[in-house]
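Chain by chain, the residues run as shown.
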Amino acid sequence: MKVGYVYDPIYLKHDTGQHVENAKRLKAIISHLEKTGLKQQLIPIRPRAAAIEELSLVHDEQYISHIRDVAQKGGGWLDADTGVSADSYEAALYAAGGVIRATEAVMNGEVSSAFALVRPPGHHATYERAMGFCLFNNLAIATKCALANYKLERILIVDFDVHHGNGTQAAFYGNPRVLYISTHEYPFYPGTGSIEETGSGIAEGTTINIPLPAGGGDAEYLEVFEQIIVPAAIRFRPQLILVSAGYDSHWADELALMQVSVTGFAQMVKIIKGLGDELCDGRLVFSLEGGYNLRVLAASVKATFDMLLGNTTIEDPLGQSPRRLEAPNITLLIKKIKEIHNLA
Ligand SMILES: [Zn+2]
């Protein structure tokens, strides 16, 4: 079982100062993978800078130039919570190129699965707008490249970040070759991701939103994986699965109000790996999105790799949620989503 990872110190040079999305996140992950000896079990994949033509598959060319110009002038804030520093443009090119390279390595058989440990993150970035800490939509760009370069007909994207991946949804809203499934806290930033958003035109039904009430934890997430994500994935028969892996639904993450544990993340990854093995020769590409508690992030990324490697045990140093919020009842929500998407 060859599992690859993408990392490069260029990702640390996207300097956001005291912002929650900062270089310490990747440093914590890498140092934990080194300390635990897990890094030696992984195959390093060198990222490259994405080409403008690749970025343009998802973004407006003027927008791409704008990010470059802001960086060249030393940086600035593009919105209230999305910053650019002098080296951010280059880091962002390598973040997109990192996920592209991870996808190529999986498609070419260099590795069976891979996790791109990149920043800035990507899933909020839209055609012409940076938002939610994201500049370029790394995973959407890699998905479009894979569709074009490997002539794939069906790619599944699973986005389990606590926020809705509005940029990714928009990139494929009218594209029936990509099934986008998102679990997210709702209502919450960025405001999109209701059950009624299901895709448009010939792509009707290829966006599946699972908006979860605050307080949801391992049990609720596993229920929606089993009842919605698994049957929808089996019906779609993807040839490749990409995952927007955000760990900000953990109970100790301060950005949101969900109650997932590290063990819960590992169980979700195990289900996704099962789908990959069953449906597309294990071809999985993970891309790092959110997750702002450094201990949680390090332990969760390690647990993700453990699951991809087929290791049977994981470490969950933080344990289960102290349950500050009552678990919501999601029975009706699941029933509605199944009706909308004709899932038995
Ligand atoms: Zn997030």
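Predicted, not measured: the structure shown is a model, and the values here were computed from it.

Participant: Can you walk me through the coordination of the zinc ion in this structure?
Facilitator: The coordination sphere of the zinc ion contains the protein donors Asp161 (OD), Asp161 (OD), His163 (ND1) and Asp248 (OD), at a distance range of 2.0 to 2.8 Å. One way to put it: the four donor atoms around the zinc ion meet at angles of 52 to 153°, and that makes the site irregular. Counting gaps between the donor residues of the zinc ion yields the pattern D-x1-H-x84-D. Taken together, the residues His163 in the loop between strand 6 (155-159) and helix 6 (166-171) and Asp248 in the loop between strand 9 (240-245) and helix 8 (262-279) connect sequence positions 85 residues apart. Here His163 matches Asp248 in class, with each residue buried.

Participant: Can you help me understand the sheet that holds strand 1 (residues 3-6) in this one?
Facilitator: In any sheet, the strands associate via hydrogen bonds between backbone groups, in a parallel or an antiparallel arrangement. Spatial ordering of the open sheet is given by 2-1-5-10-9-6-7-8, a layout of eight strands whose pairing is parallel. The open sheet terminates on both sides in strands that have one partner only, identified here as strand 2 (43-45) and strand 8 (207-212). Taking the axes of each pair of neighbouring strands and ignoring which way they run, one obtains an average angle of 15° across the sheet. As defined by bridge partners, strand 9 adjoins strand 10 (residues 284-288) across five bridges and the pair is classed as parallel. Considered in strand 10, the bridge of Ile241 is made with Leu284. In this fold helix 5 (residues 138-149) packs onto strand 6, strand 7 (178-185), strand 9 and strand 10, with an angle of close to 170° to the strand it touches most, strand 9.

Participant: Any chance you could explain the nonpolar core here in plain terms?
Facilitator: Nonpolar side chains tend toward joint burial in soluble globular proteins. In terms of nonpolar packing, the biggest core is built from 109 residues, with Leu117, Phe136, Phe286 and Phe305 touching the most fellow members. Counting residues per element, this core draws most heavily on helix 4 (residues 88-107), at 12 residues. Leu117 has contacts with Tyr5, Val6, Tyr7, Tyr11, Leu26, Ile29, Ile30, Leu33, Leu288, Val301 and Phe305, leaving out every residue within four places of it along the chain.

Participant: Teacher, can you tell me more about the pattern of salt bridges here?
Facilitator: For side chains of opposite charge, pairing can occur when their charged atoms come near one another. This structure, assessed with the given rule, holds 14 salt bridges. A salt bridge links Arg119 to Glu21; its shortest N-O distance comes to 2.7 Å. Taken as a pair, Arg119 in the loop between strand 5 (113-116) and helix 5 and Glu21 in the loop between strand 1 and helix 1 (24-35) lie far apart in primary sequence, 98 residues in all. The pair Arg119 / Glu21 is uniform in exposure class, with both members buried. Across the salt bridge formed by Asp306 and Lys302, the nearest N and O atoms sit 2.9 Å from each other. Of the two residues, Asp306 and Lys302 both sit in helix 9 (residues 294-309), four residues apart, roughly one turn of that helix. For the pair shown, Asp306 and Lys302 are each scored as buried.

Participant: Looking at this structure, I do not really get helix 10 (residues 331-340). What am I missing?
Facilitator: Residues lying three or four places apart along an α-helix face the same way, a consequence of the helix completing one turn every 3.6 residues. Inspection of helix 10 places Leu333, Ile334, Ile337 and Lys338 among the buried residues, and these make up the whole buried set. Buried residues of helix 10, seen end-on, are gathered within an arc of 130° and therefore sit on one face of the element. Projecting away from the buried face of helix 10 at angles above 90 degrees are the exposed residues Thr331 and Leu332. Looking at the buried residues of helix 10, the elements they touch are strand 8 and helix 7 (218-236). Looking at the residues trailing helix 10, positive phi occurs at Asn342, about 50°.

Participant: What am I meant to see in unusual backbone geometry here?
Facilitator: Excluding glycine, a negative phi dihedral is what most residues carry, and trans is how most peptide bonds are arranged. Here the amide bond leading from Arg119 into Pro120 is cis, since omega sits at 0°, within 30 degrees of zero. When you line up the elements, Pro120 lands in the loop between strand 5 and helix 5. At the junction of Tyr186 and Pro187, the peptide bond is cis and its omega measures out at -5° in the coordinates. Among the structural elements, Pro187 can be located in the loop between strand 7 and strand 8. Its identity is not glycine, yet Asp281 carries a phi of approximately 50°, on the positive side. Residue placement: Asp281 occurs in the loop between helix 8 and strand 10. Given a relative accessible area of 62%, Asp281 falls into the exposed group.

About the criteria used
- Residues numbered from 1 in each chain as written.
- Predicted model: local features only at pLDDT ≥ 70, side-chain atom pairs only at ≥ 80, totals over all residues.
- Heavy atoms only, no water.
- Donors = N, O, S within 2.8 Å, 3.2 Å for Na, K, Ca; no water.
- Tetrahedral: all angles 85-135°; square planar, octahedral: opposite > 155°, others 65-115°.
- Helix = DSSP H or I, 4+ residues; strand = E, 2+ residues; numbered from the N terminus.
- Buried < 20%, exposed > 50% of the residue type's maximum accessible area, 1.4 Å probe, protein only.
- Pairing = 2+ DSSP bridges.
- Axes fitted to C-alpha atoms, helices over the stretch in contact; angles between N-to-C directions.
- Contact = heavy atoms within 4.5 Å.
- Core = buried A, V, L, I, M, F, W, Y, C linked by side-chain atoms within 4.5 Å.
- Salt bridge = Lys/Arg side-chain N within 4 Å of Asp/Glu carboxyl O.
- Arc of directions from axis to C-beta.

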